[in-house]
Amino acid sequence: DQQVKQNSPSLSVQEGRISILNCDYTNSMFDYFLWYKKYPAEGPTFLISISSIKDKNEDGRFTVFLNKSAKHLSLHIVPSQPGDSAVYFCAASWSGTASKLTFGTGTRLQVTL
Amino acid sequence: DTGVSQDPRHKITKRGQNVTFRCDPISEHNRLYWYRQTLGQGPEFLTYFQNEAQLEKSRLLSDRFSAERPKGSFSTLEIQRTEQGDSAMYLCASRGTVSYNEQFFGPGTRLTVL
């Protein structure tokens with residue numbers, strides 16, 4: 001039962017353009033959402049998060065949008081840079097259960113020159 | 001560097017052997033998590049500590065797995081009688097009380113069971 005889904009295994013974007021990574025969830029109990037970036041042979045690095053009481057959160061080049069009615073969130077990276085090439089994981093949690101994270105399967109982003 | 005550290009980074013063992021991994025969280029973080037990641041999947045939750053108390057365990061954590069966090073500082077994850085299916089990246093994360101739920105991950109321990 002995949003409660004957090006990232007349906008695009010990979011995405012290729014030109015440097016300077018916008019990257020949009022998508023994530024869907026099924027569990028309506030989730031109230032906090034996070035994006036992590038992962039390079040090979042390293043642990044995930046926290047990027048940005050959003051609470052369910054908000055619909056947008058911005059941090060520099062990264063913006064996360066949350067659509068609760070559609071159970072959908074997206075990560076926008078503008079402008080994309082070659083160093084952004086990595087696997088991006090969407091994660092969700094809810095405050096009632098140790099706040100453990102439930103992850104999607106990841107989207108591999110490649111930013112080309 | 002005051003991030004989460006894990007040791008060893010890589011472990012190769014033969015089926016049936018026992019292995020133990022260590023995680024040192026960020027010093028002021030009282031919450032510690034273990035996750036497991038296999039190829040093509042996202043990390044999956046294994047267990048959670050608040051201080052020294054183990055408060056939640058996943059059904060993924062079979063009887064062969066045990067985790068401890070003595071004195072609420074570092075944590076160990078032991079796998080007894082390893083099986084080939086245990087081959088994975090084992091990740092440790094910690095979280096403080098100030099942030100809502102931003103968990104900070106260590107570099108992981110890559111386990112290969114031959």
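Structure: above.
Residues numbered from 1 in each chain as written. Chains lettered and ligands numbered in written order. Predicted model: local features only at pLDDT ≥ 70, side-chain atom pairs only at ≥ 80, totals over all residues. Heavy atoms only, no water.

### A closer look at the state of the cysteines
Simply put, disulfide is the name for a covalent bond between the sulfur atoms of two cysteines. All names here are of chain A. Note the following rule: Put simply, a disulfide is two cysteine sulfurs that come within 2.5 Å. We count a stretch as a helix when DSSP gives it H or I for four or more residues in a row; a strand needs E for two or more, and each element gets its number in order from the N terminus. Only protein chains enter the area calculation, which uses a 1.4 Å probe; residues under 20% of their type maximum are buried, those over 50% are exposed, and those in between are partly exposed.
A complete count under the given rule lists 2 disulfides over all chains for this structure. The residue that forms a disulfide with Cys 23 is Cys 90, at a sulfur-sulfur distance of 2.0 Å. As the torsion about the S-S bond is roughly -70°, the Cys 23-Cys 90 disulfide counts as left-handed. Here Cys 23 is found in strand 3 (residues 19-25), whereas its partner Cys 90 is found in strand 9 (residues 86-93), with 67 residues between them in sequence. Here the two residues Cys 23 and Cys 90 agree in accessibility, since each one is buried.

### Things to note about the sheet that holds strand 8 (residues 72-77) of chain A
Residues and elements named next belong to chain A. As a reminder of what qualifies: Here, any two strands with at least 2 DSSP bridges between them count as paired.
Taken together, 5 strands build an open sheet; the order of strands is 1-3-8-7-6 and the sheet is antiparallel. Only two strands of the sheet have a single neighbouring strand rather than two, namely strand 1 (4-5) and strand 6 (56-59). Inspection of the sheet shows strand 6 paired to strand 7 (residues 62-67) by 4 bridges, in the antiparallel sense. Opposite Glu 58, over in strand 7, you have Thr 63 as the bridge partner.

### Comments concerning the pattern of salt bridges
Residue and element names in this part refer to chain B. Here is the rule: For this analysis, a salt bridge means a side-chain nitrogen from Lys or Arg found within 4 Å of a carboxyl oxygen belonging to Asp or Glu.
Per the stated rule, a full pass over the model turns up 6 salt bridges over all chains. Among the ionic pairs, Asp 86 bridges to Arg 64, the shortest N-O distance being 2.8 Å. With Asp 86 in the loop between strand 8 (75-79) and strand 9 (88-95) and Arg 64 in the loop between strand 6 (53-57) and strand 7 (65-68), the pair connects residues that are 22 residues apart, well separated along the chain. For Asp 86, a relative accessible area of 3% gives the class buried.

Interpretation in functional terms is not warranted from these geometric data alone.
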